[in-house]
Every structure is written in structure tokens, then in C-alpha cells.
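# Structural characterization, general
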Amino acid sequence: MNEQRLSLYKVMKAEVEDELLHGMKVANLAFLLAKRVGFSYERSRELAIAGFLHDLGKLQVAHTAYEQGKEVLEVEEMVRRRSHVKIGYDILMRYDYSDFILESILYHHENYDGSGYPRNLVATDIPSGARVLRIVNMFVALVSDRPYRKAFDKETAIELMIDEVKNFDMRYFLAFIKMIHEIDIDKVIDFPKLEVDLWDKSDNLL
Ligand SMILES: [Fe+2]
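To keep things clear, this report deals only with the structure shown in the data block. The shown structure was predicted, so the numbers you read here are calculated from the model rather than taken from an experiment. (Residues numbered from 1 in each chain as written. Predicted model: local features only at pLDDT ≥ 70, side-chain atom pairs only at ≥ 80, totals over all residues.)

### What to know about the nonpolar core
Core analysis: the biggest nonpolar cluster contains 37 residues, and Ala 30, Leu 33, Ile 105 and Val 136 have the highest contact counts within it. Contributing elements (two or more residues each) for this core: helix 1 (3-36), helix 2 (41-53), helix 5 (84-93), helix 6 (99-106), helix 7 (128-142) and helix 9 (170-182). It is helix 1 that contributes the most residues to this core, 9 residues altogether. The contact partners of Ala 30, leaving out residues within four places of it in the chain, are Leu 47, Ala 48, Gly 51, Val 132, Leu 133 and Val 136. (Core = buried A, V, L, I, M, F, W, Y, C linked by C-beta atoms within 7 Å. Buried ≥ 20, exposed ≤ 12 C-beta atoms within 10 Å, placed from the backbone. Helix = DSSP H or I, 4+ residues; strand = E, 2+ residues; numbered from the N terminus. Contact = placed C-beta atoms within 7 Å.)

This is the structure in C-alpha cells:
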């Protein structure tokens, strides 16, 4: 492997690892929030799977960008980035995932006020699983290190989310804030494991 290819490989490997870690954190929090807002155990478990796989399309998008290795306009970059929801959906469509999982993934960037993508869906037209993922995904992104900034602490993350509250289902968001203050969030965030099957299988609140 020549040097350029090796460094490309390292960047892509790091990106895959970051995505998997992000997916695990989102899966765990999505499972917990889904249960709190009244999803059944089975639905919550399905949402954990959707949470784990929700950004699968990003890996393909990143791969394309690295291969092309070209400068792109800002708007092209935005379209490329946004395409990850449909790409992930199309990949997973070929497998035996439920419509609930597929729709949660396809619409996880829809905003409650209709300003999201890919379809500008509004309020409860957005599937319930996607509304949960929208909240959890943003929180996990904010409390994680990014190449361009350090992680925010959870209080700051919540404040930043309150500024963006138009994006969220308010009932779910309030339940999320309550949950963040009640659970050991650091355990979920810092040591993520996919262990939903070990959790309470009844429909009782965790
Ligand atoms: Fe995404």
C-alpha cells in the first residue's frame, strides 16, 4: 500500500470506528427514551437497531468523497451530506428490516417544524421513531468530540438543544431532559455497549 493510500485507509478506518461508536450511543439512548415515552419493549428494541444503523449511509458518502478527492462547492457538499439518509435506507431495504426501522432511519433528520430533510415532513407526519432519533442523535453529537471542537458537557448540550427546540417533538424532548437528569448518562455515553437484550423486557419504565 503506498503512503497516500495508507493515510486514506487510516482516515476511513477512524471514520468507521467513530460511526460505530456514535451508533452504539444513539442506540442505547434511543432505547431508553423510547421506553419512557411509551413505546413497547419490541418497538424500543427496534429503535435501538435503527439508532445503531441510522448513519450507515454516511460511510458510503465518505467513501465516495475520498475516492474523488476533489474540491466541491458548499451546496454540493450539503446535498452529498444529506444524501446519507436515503443511501442508508436503500442499503437496508435489501435486508429484512421492518418498515418501522427503515422509516426511523430515512427520516432521522426531519425537524418537527418542517425544516428538515429529506421530505420536510411536519410534526406527527414524521414517524415516531425518527422523532426520538432526532433528539438523541443531536445530544450524542454535542457531547462527543469532533475534529473541529471538543465535546460539550451535558448541561451545555441541553442549552444548545433548547435553542433548537423547533426541531423536536416537545413531549419527547421534555421526557428526554427528565431522563438525562435521572439516569447515569456517563455510563451510557462513555462505555457504550449494545446490551438492550439484557435490559428490562417488560413494558415497565427503566
Ligand atoms: Fe444522520
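### Side note on the packing of helix 5 against helix 6
Packing of helix 5 against helix 6 brings their axes to within 8 Å, and their N-to-C directions diverge by 160°. The orientation of helix 5 with respect to helix 6, classified from their angle, is roughly antiparallel. Note on packing geometry: the crossing formed by helix 5 with helix 6 is right-handed. On helix 6, the residues that touch Val 85, Lys 86, Gly 88, Tyr 89, Leu 92 and Met 93 of helix 5 are Leu 102, Ile 105 and Leu 106. Here the residues of the contact of helix 5 with helix 6 are counted per class, giving 7 nonpolar, 1 polar and 1 charged. (Axes fitted to C-alpha atoms, helices over the stretch in contact; angles between N-to-C directions. Parallel < 35°, antiparallel > 145°, perpendicular 65-115°, else oblique. Left-handed = near helix turned anticlockwise from the far one by under 90°. Nonpolar A, V, L, I, M, F, W, Y, C, P; charged D, E, K, R; others polar.)

### As for the packing of helix 7 against helix 8 (residues 154-163)
Between helix 7 and helix 8, the shortest axis-to-axis distance is 9 Å and the interhelical angle comes to 135°. When the axis of helix 7 is compared with that of helix 8, the two are oblique. When the axes of helix 7 and helix 8 are compared, the crossing they make is right-handed. Along the contact surface, helix 7 presents Met 138, Phe 139 and Leu 142, while helix 8 presents Ala 157, Leu 160 and Met 161. Of the residues that constitute the contact of helix 7 with helix 8, the class distribution is 6 nonpolar, no polar and no charged.

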